[in-house]
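Each chain is listed here by its residues.
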Amino acid sequence: MDRKSIFLALFIFIIIIFSLYFTLEENPIAPPEPPVENEELPEEELEDVNFSIFNNQQNQELKLETEQLKNFKDEQRMELRPLEAEVYSSSSDQLLYTLSGDFAVYYSNDQYLEIRGNVLIESDRYQIEAEELDYYLNRNYLEGRGSVKITGSEFNSRAASFNSDLDLRNLKLKGDNGQAAVDFGELSED
């Protein structure tokens with residue numbers, strides 16, 4: 001072989017080696033990821049679900065409606081997307097208020113409902129908007145946080161957070177500078 005042929009073969013060999021090196025460098029061959037064994041999967045996934053939760057301590061019934069429900073029976077937890085709820089007095093069947101939010105989790109063992117994203121509470125007295133709401137059925141307590149806006153027939157207010165009993169009669173607003181309380185149980189109706 002002459003020198004030109006050896007030089008040409010060596011040049012082609014170097015080009016092939018560089019192209020393989022840069023090809024593997026950009027797209028390295030990785031083994032497929034093994035499936036996750038402990039991935040949390042719901043036992044049930046349901047669509048367009050309506051169900052009720054009875055709060056015997058406070059004499060209330062929550063009628064919940066959701067487009068998508070994931071039920072994790074082992075954890076006694078249900079995920080609801082989105083949530084719309086109506087809260088009724090069990091004794092008089094009167095609608096007390098409505099709740100809605102983008103996402104909710106109900107923990108049945110703890111009787112606790114956690115609502116997140118665009119939370120809206122509407123009653124005959126006022127309307128409350130917040131980013132988050134924690135609803136404790138067994139403690140007669142609810143608490144909301146994040147850009148709280150409360151609107152009534154004759155007032156508007158903003159706060160960092162609020163809390164109340166489940167009848168929405170003892171409303172407390174909290175801001176950076178302190179706290180204000182409104183007791184709707186003491187107000188007389190005209």
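Residues numbered from 1 in each chain as written. Predicted model: local features only at pLDDT ≥ 70, side-chain atom pairs only at ≥ 80, totals over all residues. Heavy atoms only, no water.

Quick word on the nonpolar core
Formed by 34 residues in total, the largest nonpolar core has its most connected members in Tyr97, Leu99, Leu113, Leu133, Tyr135 and Phe162. Each residue touching Tyr135, except ones within four places of it in the same chain, is listed here: Gln60, Leu62, Val87, Tyr97, Leu99, Gln111, Tyr112, Leu113, Tyr141, Leu142 and Leu166. (Core = buried A, V, L, I, M, F, W, Y, C linked by side-chain atoms within 4.5 Å. Buried < 20%, exposed > 50% of the residue type's maximum accessible area, 1.4 Å probe, protein only. Contact = heavy atoms within 4.5 Å.)

Re the pattern of salt bridges
Counted by the stated rule, this structure contains 8 salt bridges. Here Arg77 makes a salt bridge to Glu75, at a shortest N to O gap of 2.9 Å. Here Glu79 makes a salt bridge to Arg77, at a shortest N to O gap of 2.5 Å. Given the relative accessible area of 17%, Glu79 is considered buried. When its relative accessible area of 9% is taken as the criterion, Arg77 is described as buried. One connected set of salt bridges, linked through shared partners, spans Glu114, Arg116, Glu132, Asp134, Glu143 and Arg145. (Salt bridge = Lys/Arg side-chain N within 4 Å of Asp/Glu carboxyl O.)

Some words on the pairing of strand β4 (residues 95–101)
Remember that side chains alternate between the two faces of the sheet whenever the strand is regular. Examined bridge by bridge, strand β3 (residues 77–89) and β4 share 6 bridges and lie antiparallel to one another. Pairing of Tyr88 across the sheet is with Leu95, part of β4. The hairpin formed by β3 and β4 contains 5 residues between the paired strands, and Asp93 there has a positive phi angle of roughly 55 degrees. In this structure, β4 lies alongside strand β6 (residues 112–123), joined through 4 bridges in antiparallel fashion. Bridge pairing in β6 places Thr98 opposite Glu122. (Pairing = 2+ DSSP bridges. Helix = DSSP H or I, 4+ residues; strand = E, 2+ residues; numbered from the N terminus.)

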